[in-house]
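Breakdown of the fold
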Amino acid sequence: MQPTKAGATRRQQILREAARLFAERGFHGVGVDEIGAAVGISGPGLYRHFAGKDAMLAELLVGISESLLAEGRRRVDEASGPGGALDSLVRGHTDFALDDQPLIVLHDRELDRLPDSDRKLVRQLQRRYVELWVQVVRDRYPAATEMEARAAVHAVFGLINSTPRLGAGEGRPARAAAGMLLNRLALAAFAALEGGGAGEGV
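Residues numbered from 1 in each chain as written. Predicted model: local features only at pLDDT ≥ 70, side-chain atom pairs only at ≥ 80, totals over all residues. Heavy atoms only, no water.

Focus on the UniProt feature "DNA-binding region" (unreviewed entry) in the protein chain
Rules: UniProt positions are given in the numbering used here, feature names are shortened, and annotations may be inferred rather than shown by experiment. Strands here mean DSSP runs of E at least two residues long; helices mean DSSP runs of H or I at least four residues long; both are numbered from the N terminus.
UniProt tags residues 31–50 as "DNA-binding region" (unreviewed entry). Between the first and last C-alpha atoms of residues 31–50 the distance is 14 Å; the span itself is 40% helix and 0% strand.

Quick look at the structure:
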């Protein structure tokens, strides 16, 4: 039986507030009652939607890995050429990093709390996401070696995923400014691959 639209929306609200609270205070620093209060329902009422906090954490971390991969594939499929695909990937990941900063914090701090099966699934999804980027980067900069392309992708992820530490101001103008800066920096990092041989003589 598929969840109703209202039920799906409620689950999304719970997950959003759980992510925020987990990121702010740590997984073990937040109780079910507090998550319930944040969405206006009793703590026990959460169990109609999730088996517990562990299930929320797993859905958050597996879910965002699935979403990033699916969105990345969509962007590549719809892009006009390698340059457009790379630009679209950068913009998509920047949007995620600015809009879902608690999930970045959760991944860094709480991934090891997942059951082995969920943690392995997250890692598999992440590897596929990285490989998608590496292929696009090599298509865009064919002179770059695979090692160089892979290093550049991981460096750009580190750059973009630094948003929780940027201290950007609140509001749409500040977000837009931060997004444009991150996009420029990321694309400039990839442009350093032009001509290849970046690692020679080092």
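Here we look at the pattern of salt bridges
Side-chain pairs of opposite charge can arise whenever the charged atoms involved come near each other. This is how the line gets drawn: In the sections that follow, a salt bridge refers to a side-chain nitrogen of Lys or Arg positioned within 4 Å of a carboxyl oxygen of Asp or Glu. Accessibility here uses a 1.4 Å probe with only protein chains present; expressed as a share of the type maximum, an area under 20% marks a residue as buried, one over 50% as exposed, and anything in between as partly exposed.
Scanning all chains against the criterion turns up 14 salt bridges. A salt bridge links arginine 74 to glutamate 78; the nearest nitrogen and oxygen atoms lie 2.7 Å apart. With arginine 74 and glutamate 78 both in helix α3 (residues 53–78) and four residues apart, this pair spans about one turn of that helix. In this structure arginine 74 comes out as partly exposed when scored by relative accessible area, which is 35%. A salt bridge links arginine 175 to aspartate 99, with the shortest nitrogen-to-oxygen separation between them at 2.8 Å. In this pair, arginine 175 is assigned in helix α8 (residues 172–191) and aspartate 99 in helix α4 (residues 81–99), connecting sequence segments 76 residues apart.

Topic: the side chain of lysine 53
We apply this condition: His residues and chain termini do not enter the charge count, which takes Lys and Arg as positive and Asp and Glu as negative. Should any heavy atoms of two residues lie within 4.5 Å, those residues are counted as being in contact.
Examined against the element boundaries, lysine 53 turns out to sit in helix α3. Aspartate 54 provides the closest opposite charge to the buried, unpaired lysine 53, separated from it by 6.8 Å. Look past the residues within four positions of lysine 53 in its chain and what remains in contact with it is Phe22, Phe27, His28, Val30, Val32 and Ile35.

Observations regarding the environment of alanine 70
When you line up the elements, alanine 70 lands in helix α3. When its relative accessible area of 47% is taken as the criterion, alanine 70 is described as partly exposed. Here the alpha-carbon distance between alanine 70 and alanine 38, two residues 32 residues apart in the chain, equals 30 Å.

Some points on the environment of glycine 92
With respect to the secondary-structure elements, glycine 92 resides in helix α4. C-alpha separation for the pair glycine 92 and glutamate 71, spaced 21 residues apart in sequence, amounts to 7.8 Å.

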